[in-house]
Every structure is written in C-alpha cells, then in structure tokens.
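Letter by letter, the chains look like this.
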Amino acid sequence: MAQEKFAEKSGDAMKKAGQSMKDAAGKVSANAAALNSKVIDQAEENTRAAFVALRSAASVKSVQELAKIQGDFMKEAAARSQTQIKEVGEMIAQFGKDAMTMFQPKKD
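Just so you know, these numbers come straight off a predicted model, no measurement behind them. (Residues numbered from 1 in each chain as written. Predicted model: local features only at pLDDT ≥ 70, side-chain atom pairs only at ≥ 80, totals over all residues. Heavy atoms only, no water.)

A short note on the overall build of the protein chain
Next, step 1: Counting secondary structure elements, the protein chain contains 2 helices and 0 strands.
Next, step 2: Whereas a compact globule of 108 residues would reach a radius of gyration of roughly 13 Å, the protein chain reaches 26 Å, over 25% beyond that.
Next, step 3: For the protein chain, the spread of C-alpha atoms along the principal axes amounts to about 95 × 20 × 15 Å.
Next, step 4: A total of 108 residues make up the protein chain; the buried ones form 9% of that total.
Next, step 5: Taking contacts inside the protein chain between residues at least 6 apart in sequence as the whole, the part at least 24 apart equals 74%.
Next, step 6: For the protein chain, the distance from the average site of its 17 positive side-chain charges to the average site of its 14 negative ones is 2 Å. (Helix = DSSP H or I, 4+ residues; strand = E, 2+ residues; numbered from the N terminus. Rg over C-alpha atoms; globule rule 2.2 N^0.38 Å. Buried < 20%, exposed > 50% of the residue type's maximum accessible area, 1.4 Å probe, protein only. Contact = heavy atoms within 4.5 Å. Lys, Arg positive; Asp, Glu negative; His and termini not counted. Charge placed at Lys NZ, Arg CZ, Asp CG, Glu CD.)

Quick look at the structure:
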C-alpha cells in the first residue's frame with residue numbers, strides 16, 4: 001500500500017515537473033523570437049536612418065553642409081543606440097523575472 005502511494009505521488013510529481021519544463025521551454029522560445037524581432041526592427045530603423053543621411057549628403061553643396069549632416073546623423077545614431085540598448089535590456093530583464101516566477105512553487 002505504502003509503495004503504491006509513493007509511486008503515485010512520485011509519478012504525479014514527475015508529470016508536474018515535466019509540464020513545468022515544457023512550459024518553460026515554450027516561454028524561452030517565445031522570448032527568443034520576440035528578442036530577435038526587436039533586434040531586426042532596430043536594424044531596419046538604423047538602416048533607414050543611414051539612407052536618409054546618405055541621400056542628404058549626396059546633394060550637399062559645401063563641406064560645411066556635409067559636416068552638419070554627418071554630425072546630426074552621429075548625434076541621432078547615438079541617441080537611437082541608447083534607446084535601443086535600453087529596450088533590449090528591459091526585455092531581457094523581464095524575461096528573467098518571468099523565468100523566476102515560472103519556477104516559484106505554486107500555491108495549491
């Protein structure tokens with residue numbers, strides 16, 4: 001009798017652990033896809049900004065105009081970079097928080 005109960009409880013615990021691992025793997029996969037999408041969006045934004053600057057530079061009439069376009073582009077790129085790093089960092093931090101809550105004991 002005691003062995004049967006032990007086996008039953010062990011089996012239930014293994015099923016719960018297996019489901020938890022399956023859920024965690026699904027969440028990790030979803031997080032990776034979201035992060036990849038964010039990085040691709042940022043690369044696209046950066047590329048568009050670079051082409052806007054290149055188009056402007058192609059029509060300059062003086063070195064001073066070119067220097068201004070380049071300076072403005074560098075300032076905007078630096079600001080964009082800071083924002084993008086912050087966005088990715090916040091995503092990763094949230095993923096970590098979510099992961100920690102997934103492995104907290106659930107109150108039954």
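Notes on the packing of helix H1 (residues 2-58) against helix H2 (residues 63-102)
A pair of packed helices can be characterised by two numbers: the angle between their axes and the separation between those axes.
Next, step 1: The geometry of H1 relative to H2 is characterised by a closest axis approach of 11 Å and an angle of 175 degrees between their N-to-C directions. In terms of orientation, H1 lies roughly antiparallel with respect to H2.
Next, step 2: Broken down by class, the residue content of the contact of H1 with H2 amounts to 16 nonpolar, 5 polar and 7 charged. (Axes fitted to C-alpha atoms, helices over the stretch in contact; angles between N-to-C directions. Parallel < 35°, antiparallel > 145°, perpendicular 65-115°, else oblique. Nonpolar A, V, L, I, M, F, W, Y, C, P; charged D, E, K, R; others polar.)

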